[in-house]
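Remarks on the overall topology
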Amino acid sequence: MIFIYNPLIQFMSKEFDIAKEKYACIGVDVENVLDKLGKTPISMHCWQGDDVRGFETGAEDLGDGLAVTGNYPGRANTIEELKQDLEKAISLIPGDHRLNLHAIYGDFGGKFVDRDQIDWKHFQGWMDWCKSQKMGMDFNPSCFSHANAKSGLTLSSPDEGIRNFWIEHCKASRRIAAKAGEQLGSPCVTNIWIPDGMKDIPADRRAFRNRLKDSLDDILTEEFSSEHLQDAVECKLFGIGSESFVVGSHEFYMGYAIHKQMTLCLDAGHFHPTEGIADKISSVIDYIPRLLLHVSRGVRWDSDHVVIQDDATKSIFEELVRSNALDKTSIGLDFFDASINRIAAWVIGTTAAQKCLLAALLQPSNELSKFELEGDYTSRLALFEECKLLPVGEVWNEFCLRKNVPQGMDWLKEVKEYEKTVLSGRS
Ligand code: RNT
Ligand code: ZN
């Protein structure tokens, strides 16, 4: 790790002390906040590293509602390269995190292994890697980029053969996930997202939804310990090629998750462009055992831009803190940008989520709630505004220092160096 002299940071300690005092004046204990931040893992999605290609032999191009744009050089082409890139990113991100793997990222030994045939042995290498990195693992069946998804329908297909193929894939995925949860000693959150939908108006929406329900019921029959596996379902409003109808809508999966008492996944890019997921957190949290977030950034559509500290993301983390929902929530990332350095994308997106969480934790929530209960909305609004100028950055730098990662923008120099020495040599 190269640490470059940074004149802005040499006084950091003093500035942190001042920041700490400022927060104490408004009733915020910075040490408690740093502790909470350090104990909140972010599930880092493997698919930012290779544009959602995976390592299947004879892999299909990305499709079925998913699209990556950009052709920045240096994409990971092998499992080894992806691990190497992840290690680089992890070394620059403070705290302990998780790996979120898709089923197409297995080690298939150069052979064609169809999705309904995947086995935990194909993922033993990843489990070992997670163990070596002291990371938990999360998992996802991959119901896209496959000949059997070309109709745009998987678990809700009227074709029984297609439906069964994807049911078997999801069952196999749950077995792999449970194994990972067992080996790593932390439940593996396994999220089912399917692209199923229609470009144009369907004649019988209910039939598709009934088939999806039956498929899910079948997939979920095998029981696993909740210490090893946590099942989640992810909704969507529309996608490319499914503009008129998405089978797994928000209402469908919310009802299903409550009915089955399973995890509900909310992806920040899966609603109307003006609709955020922040307000949904306190609406659903008391009716489901756990919540999973796909922190993402849609720009005009579900474009999966790299997460930044924008208002939508800040609101998500504010709501997690204010609704006291952090302990019931798994936080995952879901973006894939091939137009910038992919390791930088991980670092920027992961730390942006952490910075939004930090800013939310540093707000005087007791004081704000007190004003609200007293009906003093004037003071509440004034304090909200005051919070925006508090020295969050000083606390962030201290967090990086304590977690032994570069501060400020020093991480970028390391990424540039890595680009020169490692990524530039890749095909
Ligand atoms: C797609 C969903 C889904 C995927 C990943 C690759 O719209 O958001 O979560 O992005 O599983
Ligand atoms: Zn998602």
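Residues numbered from 1 in each chain as written. Chains lettered and ligands numbered in written order. Predicted model: local features only at pLDDT ≥ 70, side-chain atom pairs only at ≥ 80, totals over all residues. Heavy atoms only, no water.

Examining the pairing of strand 3 (residues 136–140)
Burial within strand 3 is extensive, with five of its five residues counted as buried. Burial of the side chains of strand 3 extends over both faces: Gly136, Asp138 and Asn140 are buried on one face and Met137 and Phe139 on the other. Sheet topology places strand 2 (residues 98–102) next to strand 3; five bridges connect them, and they run parallel. Within strand 3, the residue paired with leucine 99 across the bridge is methionine 137. Viewed along the sheet, the connection from strand 2 through helix 4 (residues 124–133) into strand 3 turns out right-handed. (Buried < 20%, exposed > 50% of the residue type's maximum accessible area, 1.4 Å probe, protein only. Helix = DSSP H or I, 4+ residues; strand = E, 2+ residues; numbered from the N terminus. Pairing = 2+ DSSP bridges. Right-handed = clockwise from strand over helix to strand, strands pointing away.)

Considering the site of ligand 1
In the neighbourhood of ligand 1, the contacting residues comprise Trp47, Leu66, His102, Trp193, Glu234, Lys236, Asp267, His270, His294, Asp302, Asp334 and Phe336. Contacts to ligand 1 include histidine 270, whose side-chain N or O atom sits 2.9 Å from an oxygen atom. At 3.2 Å, a side-chain N or O of histidine 294 approaches an oxygen atom of ligand 1. The residue inventory of the shell around ligand 1, partitioned by class, reads four nonpolar, three polar and five charged. (Near = heavy atom within 4 Å. Polar contact = N/O pair within 3.5 Å; in protein donor to acceptor, adjacent residues only side chain to side chain. Nonpolar A, V, L, I, M, F, W, Y, C, P; charged D, E, K, R; others polar.)

Looking at helix 4
For helix 4, the full list of buried residues reads Gln124, Trp126, Met127, Trp129 and Cys130. Buried-residue contacts for helix 4 involve helix 3 (79–92), strand 2, strand 3 and helix 5 (160–184). Positive backbone phi, approximately 55°, marks lysine 134, located one or two places after helix 4. (Contact = heavy atoms within 4.5 Å.)

Considering the nonpolar core
Of all hydrophobic cores here, the largest spans 73 residues; its most connected members are Leu155, Leu216, Tyr253, Phe317 and Val395. Sort the elements by how many residues they give to this core and helix 10 (residues 342–361) lands first, with eight residues. Those residues in contact with phenylalanine 317 that lie beyond four places of it in its chain are Val295, Ile331, Ala353, Cys356, Leu357 and Ala360. With 49 residues, the next largest nonpolar core counts Leu86, Leu92, Met127 and Val415 among its residues. (Core = buried A, V, L, I, M, F, W, Y, C linked by side-chain atoms within 4.5 Å.)

As for the coordination of the zinc ion (ligand 2)
In an ideal tetrahedron of four donors about a metal, each angle is 109.5 degrees. In an ideal octahedron of six donors, the angles are 90 or 180 degrees. At this site the zinc ion (ligand 2) is bound by Glu234 (OE), Asp267 (OD), His294 (ND1) and Asp334 (OD), with donor distances of 2.1 to 2.2 Å. In this structure, the zinc ion (ligand 2) is surrounded by six donor atoms whose angles at the metal cover 71 to 167°, and the resulting shape is octahedral. Within one chain, the residues serving as donors to the zinc ion (ligand 2) are arranged as E-x32-D-x26-H-x39-D. Here glutamate 234 is found in strand 6 (residues 229–234), whereas its partner histidine 294 is found in strand 9 (residues 291–295), with 60 residues between them in sequence. In terms of burial, glutamate 234 and histidine 294 fall into one category: buried. (Donors = N, O, S within 2.8 Å, 3.2 Å for Na, K, Ca; no water. Tetrahedral: all angles 85-135°; square planar, octahedral: opposite > 155°, others 65-115°.)

Overview of the pattern of salt bridges
This structure, assessed with the given rule, holds 27 salt bridges. Of the charged contacts in the structure, one is a salt bridge between glutamate 31 and arginine 402, with a shortest N-O distance of 2.8 Å. In this pair, glutamate 31 sits in helix 2 (residues 30–38) while arginine 402 sits in helix 13 (residues 392–402), placing the two residues 371 residues apart along the sequence. A residue is classified by how much of its surface remains accessible, and glutamate 31, at 29% relative accessible area, is partly exposed. When its relative accessible area of 43% is taken as the criterion, arginine 402 is described as partly exposed. In this structure, aspartate 35 engages lysine 39 in a salt bridge whose closest nitrogen and oxygen atoms are separated by 3.0 Å. Exposure remark for aspartate 35: the relative accessible area of 40% places this residue in the partly exposed category. Linked through salt bridges whose partners overlap, the residues forming this network are Lys20, Glu31, Glu398 and Arg402. (Salt bridge = Lys/Arg side-chain N within 4 Å of Asp/Glu carboxyl O.)

What to know about the side chain of aspartate 231
Looking at the element boundaries, aspartate 231 is found in strand 6. Polar side-chain contacts of aspartate 231 include one of 2.8 Å to the side chain of arginine 174. In this structure aspartate 231 touches Arg174, Thr190, Leu220, Met262 and Thr263, once residues within four positions along its chain are discounted.

Topic: the environment of threonine 190
Turning to its location among the elements, threonine 190 is positioned in strand 4 (residues 188–192). Taking the C-alpha atoms as reference points, threonine 190 and alanine 178, twelve residues apart in sequence, are found 9.0 Å from one another. Residue contacts for threonine 190: discarding those within four places in its chain leaves Phe139, Pro141, Ala177, Leu229, Gln230, Asp231 and Ala232.

Examining helix 2
Among all positions in helix 2, only Val30, Val33, Leu34, Leu37 and Gly38 are buried. Seen from one end, helix 2 has its buried residues packed into an arc of 130°, which puts them on one side. Between the side-chain oxygen of the N-cap and the backbone nitrogen of glutamate 31 there are 3.0 Å, and the N-cap of helix 2 in question is aspartate 29. (Arc of directions from axis to C-beta.)

A closer look at the state of the cysteines
Simply put, the disulfide is a covalent bond whose two ends are the sulfur atoms of two cysteines. Counted according to the given criterion, the structure contains zero disulfides. Cysteine 25 forms no disulfide, and the closest cysteine sulfur to it belongs to cysteine 387, at a distance of 14 Å. A relative accessible area of 71% places cysteine 25 in the exposed class. (Disulfide = S-S within 2.5 Å.)

Points about the packing of helix 11 (residues 365–373) against helix 12 (residues 377–387)
At their nearest, the axes of helix 11 and helix 12 sit 7 Å apart, and the two run at 155° to each other. By the angle class used here, helix 11 and helix 12 are roughly antiparallel. You can see that helix 11 and helix 12 cross each other, and the crossing is left-handed. Contact residues: helix 11 offers Glu367, Leu368, Phe371 and Glu372, while helix 12 offers Tyr377, Ser379, Arg380, Leu383 and Phe384. (Axes fitted to C-alpha atoms, helices over the stretch in contact; angles between N-to-C directions. Parallel < 35°, antiparallel > 145°, perpendicular 65-115°, else oblique. Left-handed = near helix turned anticlockwise from the far one by under 90°.)

The values reported here are purely geometric and, on their own, carry no functional implication.
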